[in-house]
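# Observations on the three-dimensional arrangement
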Amino acid sequence: MQLTEIRIAGFGGQGVILSAIVLGKATSIFQGAFATMTQNFGPEARGGACSAQLVLSESPILYPYVTKPDILVVMSQEAYVRFGSDLKDGGIMIVEQDMVRVSEVKPGIRVYGIPATRIAEDLGKRMVLNSVMVGFFTAVTHLLEPDAVRKAVADSVPASFRELNLKAFEKGLEHGMLALTDPPNPAEAALLVEYAPE
Amino acid sequence: MKADPKGVLTGIHFMDGDHACCEGALAAGSRFAAGYPITPSTEVVERFASRVPTVGGTFIQMEDELAASIALQGGVWGGAKAFTVTSGPGFSLMMEHIGYAAMTETPCVFVDVQRGGPSTGLPTLPAQADMMQAKWGSHGDYEVIALCPNSPQECFDLTIKAFNLAEEYRVPVMFMMDEVVGHMTEKVVIPPADEIEVVPRRHTHKSVEDYLPYGTNGDLVPEMAHAGDGYNFHVTGLTHDERGYPNMTPPVQDKLVRRLQNKILNAVDRISMFEEEEIEGADVIVVSYGITSRVAQRAIEVARKQGLRVGKLRLITAWPFPEKKIRDLAAKVKAFVVPELNLGQMVREVERAAAGKAKTFAVSHAGGGVHNPDDILKVIVEATR
Amino acid sequence: MTDCLNTDLLDDPLGDDRLNTDLLDNSISVENPVERFLRSDRMPHIWCPGCGIGTTVNSFARALIESKIDLGSLALVSGIGCTGRVAGYVKLDSFHTTHGRAIPFATGLKLANPKLNVVVYSGDGDLSAIGGNHLIHAARRNIDLKVICVNNLIYAMTGGQTAPTTPDHSTTSTNPYGVFEPSFNLPHLVEAAGAVYVARWTTFHVRQLARSISEAFKKKGFSFIEVISPCPTLYQRRNKMGDALDAMKFYKEKSKIRHGAPTSEVGMTMTGEIIVGKFVDRERPDYQTMMKAQYTESLGERFVEPTEMVCS
């Protein structure tokens with residue numbers, strides 16, 4: 001695994017931080033690599049906006065912050081507007097497609113969308129949307145072994161919600177696999193707009 | 001002595017530095033903490049407040065940092081290993097009690113998760129600008145020990161070390177974290193209790209008649225008794241003799257204050273911890289500590305790729321300052337480069353110890369973030385010329 | 001007033017007969033009965049002739065005898081000032097802490113070792129000015145501490161400056177033209193903050209003071225005993241109030257014992273009456289009792305009660 005910078009952003013209650021914790025755990029505990037997570041504190045962390053930064057690497061991580069993310073996960077329009085343009089050329093953007101209207105995408109950037117909230121609601125609990133997101137992330141980025149992430153999910157949620165979160169993870173993973181068989185392009189990304197709320 | 005398994009959360013965790021510090025304190029045997037909320041340090045005591053009732057200890061949120069920093073010392077004389085946690089403004093309020101701990105030789109740990117200052121400054125953003133305050137903040141002559149972790153793992157490991165040093169030397173130990181290290185989440189391995197070495201209190205075994213609360217043998221560190229042990233001892237912040245009785249004369253002052261200094265300064269070699277890399281043959285040595293050591297490492301690696309001979313000296317103990325180490329290195333290298341998240345603190349110690357034998361370059365940063373590694377690189381390049 | 005123990009004193013407000021008998025008893029002893037509570041090797045003490053602090057220590061020692069309290073479990077904590085020096089003279093585990101911080105130190109001591117009986121012995125400036133915040137919070141929490149506040153109405157150690165207790169119109173070195181700021185009524189303050197036991201005496205009332213201290217030892221929770229005490233060197237001299245004997249006469253003349261008096265009515269003026277007595281004696285669970293109850297309720301069997309935290 002090369003040094004990979006990831007930013008996950010959305011609003012409070014979507015499990016942004018927990019998503020980052022799960023991916024960090026999967027990397028550093030269940031896959032034997034290294035992960036450093038930081039989150040934004042302070043005024044910018046209040047008022048609903050929420051963002052976590054994750055640096056993953058095969059070797060110990062020195063600089064803890066994300067400068068230009070290789071992967072951006074956005075779960076709110078605000079997060080998209082704020083962080084969308086930071087993405088590295090050739091990077092991957094993962095969006096909660098019901099929440100985010102993708103306006104323009106630089107060439108070379110791959111955009112993957114998933115209606116994670118709706119999927120979570122169909123599973124019976126909106127709050128597992130982050131596990132859906134994490135599953136989707138795992139499939140489309142190829143960064144982590146699904147089993148490592150699966151273990152990290154199981155390890156990070158309360159026992160009473162373990163099964164549901166694992167189910168959510170598998171759903172996300174399936175969606176990711178499907179998305180990969182038909183790789184999206186910027187033009188397709190535009191289709192995501194249709195799902196976006198007005 | 002091995003750690004009490006009750007407090008040790010053995011396992012592999014993905015944990016931030018603040019929480020890891022709390023686990024370190026519990027593993028070290030701390031069962032009492034007094035605190036007052038202040039960003040970015042509060043998570044340490046929040047976790048302690050949640051954990052400690054299940055391991056037989058007490059946390060109390062005091063009315064201010066003045067209270068917290070003396071309540072913890074009451075806890076120590078009551079028999080507990082104790083600590084408090086704060087950040088810049090609270091650390092400023094605690095200064096008098098750091099002096100009290102030094103004077104009364106109360107073993108305890110002050111955790112300072114450094115943020116930008118002066119005054120309220122940058123509550124949520126990092127700095128390393130309390131380094132001089134940690135050493136000099138209280139009035140009078142005294143020595144402390146200060147440790148600087150650079151990862152959540154070290155927040156765990158070195159918190160145990162901080163408690164151990166506090167007990168060994170009966171001295172307040174400053175645990176100088178910074179906001180980045182405090183809030184950064186990484187893998188933290190907590191070993192089984194029987195693999196954790198903890199230093200017990202230097203409790204006296206002498207009879208009541210033979211016990212001198214501030215009498216010392218060869219090693220300059222007196223033995224301690226706790227309230228309720230039957231020794232009827234007296235503790236005062238006044239200058240005192242071996243009985244602990246106030247005696248405000250120049251000879252007693254001289255003897256006491258020199259001992260308080262010497263018990264630390266004579267042990268610098270035993271206390272000092274640093275990490276060095278490619279020191280031999282280096283033209284320039286980058287001296288750094290805390291989070292900045294990681295950012296500097298990135299600059300060092302780039303510099304080496306450019307063919308520069310750059311060594312690394314990471315200070316794990318900032319105080320007592322490893323003066324001799326720097327003096328020896330100064331004879332061998334062209335220059336020291338000292339990046340830190342302040343406008344020049346530890347760099348002055350480096351400069352002083354180098355005593356003109358090698359140049360010293362500061363890479364200052366007013367805080368609020370970490371250095372851009374390129375800024376450190378530029379100074380390294382300049383220093384090699 | 002139903003809860004006051006020493007109603008007999010109501011008819012004999014000054015109790016001076018008893019006082020004299022005691023003195024006679026003492027005079028035939030080879031050894032002063034309170035000497036075993038003192039660090040004789042630290043005598044003579046630093047207090048001025050006529051200072052009332054030594055008198056309060058005498059009453060304290062008598063309370064130790066009367067209450068038969070286990071001296072081995074007794075710790076005494078002082079702050080800074082003339083009264084702060086008490087810690088240095090009593091043969092107990094004693095802590096002379098920093099200015100104003102005796103109460104938070106004592107709080108830590110008590111929490112770390114709940115078996116200790118912890119007395120805080122300090123002055124009015126130390127406890128109610130620089131330490132005022134700790135005073136009210138310890139009372140609010142109902143930490144099980146016995147606070148003896150020797151109130152000499154002035155900062156004496158530093159040379160006679162205004163304290164929060166200095167009465168209106170008196171003169172101090174920092175109010176050379178007369179004090180104009182209102183003073184604290186300490187019993188009222190600590191009652192409002194939550195103290196379970198509040199009494200006030202003067203150094204004229206040595207027996208009553210000793211009895212109050214004994215009573216406080218039997219209470220669980222935050223107890224506060226104020227002792228009005230003369231400072232002939234500074235307060236009295238500066239205010240032309242005579243010497244120590246004049247202070248005793250003044251206390252004798254001006255004191256009115258009113259057990260159970262509403263603390264709102266016990267504020268003091270420079271020359272007015274001094275209401276003394278036991279003002280508050282009530283039950284409230286102390287901090288550690290509440291803590292234990294709360295943790296037991298929330299944590300059940302997971303709660304491990306902190307007992308003695310001896311770490312070696």
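Residues numbered from 1 in each chain as written. Chains lettered and ligands numbered in written order. Predicted model: local features only at pLDDT ≥ 70, side-chain atom pairs only at ≥ 80, totals over all residues. Heavy atoms only, no water.

### So, the overall build of chain B
Across its full length, chain B holds 13 helices and 16 strands. The C-alpha atoms of chain B give 21 Å as radius of gyration, which agrees with the globular expectation for 385 residues (21 Å, within 12%). Projecting the C-alpha coordinates of chain B onto the three principal axes gives extents of approximately 65 × 50 × 40 Å. The buried share of chain B, taken over its 385 residues, is 66%. Partitioning the intrachain contacts of chain B with sequence separation of at least 6 by distance along the chain shows that 77% fall at a separation of at least 24. (Helix = DSSP H or I, 4+ residues; strand = E, 2+ residues; numbered from the N terminus. Rg over C-alpha atoms; globule rule 2.2 N^0.38 Å. Buried < 20%, exposed > 50% of the residue type's maximum accessible area, 1.4 Å probe, protein only. Contact = heavy atoms within 4.5 Å.)

### Details of the arrangement of the chains
Interchain contacts are distributed over 2 pairs of chains, and the most extensive set of them lies between chains B and C. Regarding chain A and chain C, the two do not touch, and the least distance separating their C-alpha atoms is 18 Å.

### Side note on the environment of T249 of chain B
When you line up the elements, T249 of chain B lands in the loop between strand 10 (234-236) and helix 8 (250-265). Residues T249 of chain B and I196 of chain B lie 53 residues apart in sequence; the distance between their C-alpha atoms is 44 Å.

### Digging into the layout of surface pockets
Residues and elements named next belong to chain B. Here the largest pocket defines a volume of roughly 460 Å³. As for the largest pocket, its lining consists of 24 residues, of which G99, M103, H139, G237 and L238 are closest to the centre. Secondary structure elements with two or more residues in the lining of the largest pocket: helix 4 (88-104) and helix 8. Of all the elements, helix 4 adds the most residues to the lining of the largest pocket, at 5 residues. In terms of residue class, the lining of the largest pocket is made up of 9 nonpolar, 12 polar and 3 charged. (1 Å grid on protein atoms, 1.4 Å probe; cavity = no way out; pocket = protein on both sides within 12 Å on 5 of 7 lines; lining within 4 Å. Points joined across faces, edges and corners; volume = space filled by probe spheres on them. Nonpolar A, V, L, I, M, F, W, Y, C, P; charged D, E, K, R; others polar.)

### Focus: the confidence of the model for chain B
Mean pLDDT for chain B: 97, with 100% of residues reaching 70 or above. The ipTM assigned to the predicted complex is 0.97, against a pTM of 0.93. (pLDDT = per-residue confidence, 0-100.)

### Structural notes on the interface of chain B and chain C
Tallying the contact residues gives 50 residues for chain B and 45 residues for chain C. Three residues stand out in chain B for area buried against chain C, namely E63, N232 and Y245 of chain B, and they jointly supply 16% of the buried area on that side. Note that R141 of chain C and E63 of chain B form a salt bridge whose closest N and O atoms lie 2.8 Å from each other. The tally of links between chain B and chain C comes to 21 residue pairs in polar contact (both at pLDDT 80 or more). Counting residues per element, the ones that place at least two in the side of chain B that touches chain C are strand 2 (30-35), strand 3 (58-61), helix 3 (65-77), helix 4 and strand 10 of chain B. Considering each element in turn, the side of chain B that touches chain C owes the most residues, 8 residues, to helix 3 of chain B. (Buried area = accessible area lost by both parts, 1.4 Å probe. Salt bridge = Lys/Arg side-chain N within 4 Å of Asp/Glu carboxyl O. Polar contact = N/O pair within 3.5 Å; in protein donor to acceptor, adjacent residues only side chain to side chain.)

### A look at the pairing of strand 5 (residues 197-202) of chain C
Residues and elements named next belong to chain C. Judged by how many residues are buried, strand 5 sits mostly within the fold: 6 of 6 residues are covered. Across the two faces of strand 5 the burial is the same, with Y197, A199 and W201 and V198, R200 and T202 all buried. In this sheet, strand 6 (residues 223-228) lies alongside strand 5 in parallel orientation, the contact comprising 6 bridges. Considered in strand 6, the bridge of R200 is made with E226. Assessed by its sense of winding, the connection that carries the chain from strand 5 through helix 9 (residues 206-218) to strand 6 is right-handed. (Pairing = 2+ DSSP bridges. Right-handed = clockwise from strand over helix to strand, strands pointing away.)

### Here's the deal with the interface of chain A and chain B
With 20 residues of chain A in contact, the opposing surface of chain B contributes 22 residues. Here chain A and chain B share an interface that buries about 1700 Å² over both sides, 65% of which is from carbon and sulfur atoms. Inspection of the region where chain A meets chain B yields 0 salt bridges. The tally of links between chain A and chain B comes to 5 residue pairs in polar contact (both at pLDDT 80 or more). Among the elements that make up the side of chain A that touches chain B, the one with the highest residue count is helix 1 (residues 16-30) of chain A (6 residues). Split by residue class, the side of chain A that touches chain B holds 13 nonpolar, 5 polar and 2 charged.

### A word on the pairing of strand 4 (residues 81-86) of chain B
Residue and element names in this part refer to chain B. Among the 6 residues in strand 4, 6 count as buried, and that is most of the element. Burial along strand 4 is two-sided: K81, F83 and V85 and A82, T84 and T86, pointing in opposite directions, are all buried. By the bridge criterion, 3 bridges tie strand 2 to strand 4 in an arrangement that is parallel. Within strand 4, the residue paired with S30 across the bridge is K81. Of the pairings in the sheet, the one linking strand 4 to strand 5 (residues 108-116) comprises 4 bridges and is parallel in character. Residue T84 lies in a different strand from strand 5, and its bridge partner there is F110. In this view, the connection linking strand 4 to its parallel neighbour strand 5 by way of helix 4 has right-handed handedness.

### A look at the packing of helix 7 (residues 132-141) of chain C against helix 8 (residues 186-193) of chain C
All names here are of chain C. Two numbers describe how helix 7 lies on helix 8: the axes approach to 7 Å, and their chain directions differ by 45°. The angle between helix 7 and helix 8 falls in the class oblique. Across the interface between the two elements, L135, I136, A139 and R140 of helix 7 pack against L189, V190 and A193 of helix 8. Here the residues of the contact of helix 7 with helix 8 sort into 6 nonpolar, no polar and 1 charged. (Axes fitted to C-alpha atoms, helices over the stretch in contact; angles between N-to-C directions. Parallel < 35°, antiparallel > 145°, perpendicular 65-115°, else oblique.)

### Things to note about the nonpolar core
Judged by nonpolar contacts, the single largest core of 98 residues is most densely connected at F336 of chain B together with L109 and F222 of chain C. Two domains each donate at least three residues to this core, and these are domain 1 (5-195) and domain 2 (275-384) of chain B. L109 of chain C has contacts with G74, G75, W77, G78 and A227 of chain B together with A75, V77, F95, L116 and V118 of chain C, leaving out every residue within four places of it along the chain. In this structure, V44, V45, A162 and V221 of chain B belong to the second largest nonpolar core, which totals 73 residues. (Core = buried A, V, L, I, M, F, W, Y, C linked by side-chain atoms within 4.5 Å. Domains from an automatic or database assignment.)

### Describing the sheet that holds strand 7 (residues 255-257) of chain C
Spatially, 10(B)-2(C)-1(C)-3(C)-4(C)-6(C)-5(C)-8(C)-7(C) is the arrangement adopted by the 9 strands of the open sheet, whose pairing is mixed. In the strand order of this sheet, the two ends are held by strand 10 of chain B together with strand 7 of chain C, each with one partner. Ignoring strand direction, the axes of neighbouring strands in this sheet form an average angle of 15°. With 6 bridges joining them, strand 4 (residues 145-151) of chain C and strand 6 of chain C adopt parallel strand pairing.

### Side note on the sheet that holds strand 15 (residues 335-339) of chain B
All names here are of chain B. With mixed pairing, 5 strands are arranged side by side in an open sheet as 11-13-12-15-16. If you trace the sheet from one side to the other, it starts and ends with strand 11 (274-277) and strand 16 (359-363), each paired once. Strand-to-strand twist in this sheet, taken as the mean axis angle between neighbours without regard to direction, amounts to 20°. Where strand 15 meets strand 16, 5 bridges bridge the pair, whose relative direction is parallel. When the sheet's bridge partners are listed, V337 is paired in strand 16 with F361.

### Brief notes about the pattern of salt bridges
All names here are of chain B. All told, the structure shown has 48 salt bridges over all chains when counted by the stated rule. Across the pair K312 and E275 runs a salt bridge whose closest N-O atoms are separated by 2.7 Å. Placement of K312 in strand 13 (residues 310-315) and of E275 in strand 11 is noted, with a sequence separation of 37 residues between them. Among the salt bridges present, the one from E323 reaches R352, with a minimum N-O distance of 3.3 Å. Taken together, the residues span a long stretch of sequence, with E323 in helix 11 (residues 323-330) and R352 in helix 12 (residues 346-354) at a distance of 29 residues. According to the relative accessible area criterion, E323 is partly exposed, its value standing at 30%. By relative accessible area, R352 is classed as partly exposed at 43%. Connected through salt bridges with shared partners, the residues E154, E275, E277, E278, R304, K312 and R314 form a single ionic network.

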